[in-house]
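Listed below, chain by chain, are the residues.
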Amino acid sequence: MGQGRMADYSEFASARAGHLYRSACLLTAGDTHLAEDLVQETLGRVYVRWGRIARVGNPAAYAQTVLTRAFLAHQRRRSSTERSTAVFPDLPGGGDGDPSLRLTLLDALARLPAKDRAVIVLRYWEDRSVEETADVMNASSAAVRTRCVRALGRLRELLGEDLGEYARS
């Protein structure tokens with residue numbers, strides 16, 4: 001990779017790493033260590049294809065797609081000996097919002113299946129369209145809509161009917 005492309009990639013990685021990390025934390029329901037691994041894997045894959053990605057024109061969307069697919073692949077290959085923990089580590093960033101609310105939302109996300117969690121993060125955190133979400137997840141638009149409805153229904157069961165309280169915070 002030439003010096004110009006290397007500088008472009010370094011600038012991109014520096015600018016997007018924080019956003020990718022926040023998305024990865026939501027996908028992993030607060031598992032910061034796995035989130036860091038997913039971001040590192042994503043940036044590595046983007047680096048390998050940087051010449052082609054930079055010419056296409058939207059490397060941020062490509063990186064988000066790689067992150068989501070890396071998460072889903074990790075969930076598929078996860079060893080049967082691995083167990084999730086109910087204890088959340090302290091998250092960096094301290095005073096942003098209500099910590100108990102954050103833990104409640106992360107706990108609710110953790111109770112969703114991986115694909116449902118991915119749909120919620122892509123549609124409502126990343127604010128992607130149904131078609132974009134379907135493309136990222138290698139699914140049909142109808143499957144994404146169905147999964148979205150079911151995932152939101154499950155969140156309503158877990159959080160109670162008044163989701164507006166969580167959205168305002």
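Small disclaimer: the values here were computed from a predicted structure and weren't measured.

Engineer: A description of the overall build of the protein should follow, citing residues and the corresponding values.
Structural biologist: Along the backbone of the protein there are 9 helices and 0 strands. Burial analysis of the protein (169 residues in total) assigns 37% to the buried set. By sequence separation, contacts in the protein at least 24 residues apart represent 65% of the contacts at least 6 residues apart. Only carbon and sulfur atoms are counted for the fraction: they give 50% of the accessible area of the protein, which is about 9,900 Å².

Engineer: Could you give an account of helix H2 (residues 32–48), with specific residues and numbers?
Structural biologist: With 17 residues, H2 extends 24 Å between its outermost C-alpha atoms, agreeing within 8% with the 24 Å of an ideal straight helix rising 1.5 Å per residue. When H2 is considered as a whole, its buried residues turn out to be Thr-32, Leu-34, Ala-35, Leu-38, Val-39, Thr-42, Leu-43 and Val-46. Among the structural elements, helix H1 (3–27), helix H3 (50–56) and helix H4 (59–77) are those in contact with the buried residues of H2.

Engineer: Account for a nonpolar patch on the surface, with residues named and values stated.
Structural biologist: Taken together, Met-6, Tyr-47 and Val-48 make up a surface patch of nonpolar side chains, about 270 Å² in accessible area. Considering the arrangement of structural elements, one finds Met-6 in helix H1. According to the relative accessible area criterion, Met-6 is partly exposed, its value standing at 31%.

Engineer: Can you tell me about the side chain of Thr-28, naming the residues and giving the values?
Structural biologist: Mapped onto the elements, Thr-28 comes out in the loop between H1 and H2. Judged by its relative accessible area of 9%, Thr-28 is buried. At a separation of 3.3 Å, a polar atom in the side chain of Thr-28 contacts the main-chain carbonyl oxygen of Cys-25. Not counting residues within four places of it along the chain, the set of residues in contact with Thr-28 comprises Leu-34, Ala-35, Leu-38, Phe-71 and Arg-117.

Engineer: Run through the environment of Arg-22, naming residues and quoting values.
Structural biologist: In this fold, Arg-22 is placed in helix H1. Sequence spacing of Arg-22 and Trp-125 is 103 residues, and the spatial spacing of their C-alpha atoms is 9.7 Å.

Engineer: Explain unusual backbone geometry residue by residue, including any values.
Structural biologist: In this structure, Asp-127 is a non-glycine residue whose phi angle is positive, near 55°. Relative to the elements of secondary structure, Asp-127 occurs in the loop between helix H6 (114–125) and helix H7 (130–137). Look at Asn-138: it is not a glycine, yet its phi comes out positive at around 55°. Here Asn-138 is to be found in the loop between H7 and helix H8 (141–159). When its relative accessible area of 62% is taken as the criterion, Asn-138 is described as exposed.

About the thresholds
- Residues numbered from 1 in each chain as written.
- Predicted model: local features only at pLDDT ≥ 70, side-chain atom pairs only at ≥ 80, totals over all residues.
- Heavy atoms only, no water.
- Helix = DSSP H or I, 4+ residues; strand = E, 2+ residues; numbered from the N terminus.
- Buried < 20%, exposed > 50% of the residue type's maximum accessible area, 1.4 Å probe, protein only.
- Contact = heavy atoms within 4.5 Å.
- Areas by Shrake-Rupley, 256 points an atom, 1.4 Å probe, with all protein chains shown as cover.
- Expected span 1.5 Å × (residues − 1).
- Patch = residues over 30% accessible without salt bridge, like charges linked within 9 Å, V, L, I, M, F, W, Y side chains within 5 Å.
- Salt bridge = Lys/Arg side-chain N within 4 Å of Asp/Glu carboxyl O.
- Polar contact = N/O pair within 3.5 Å; in protein donor to acceptor, adjacent residues only side chain to side chain.

So far we have only geometry, and geometry alone does not tell us how the molecule works.
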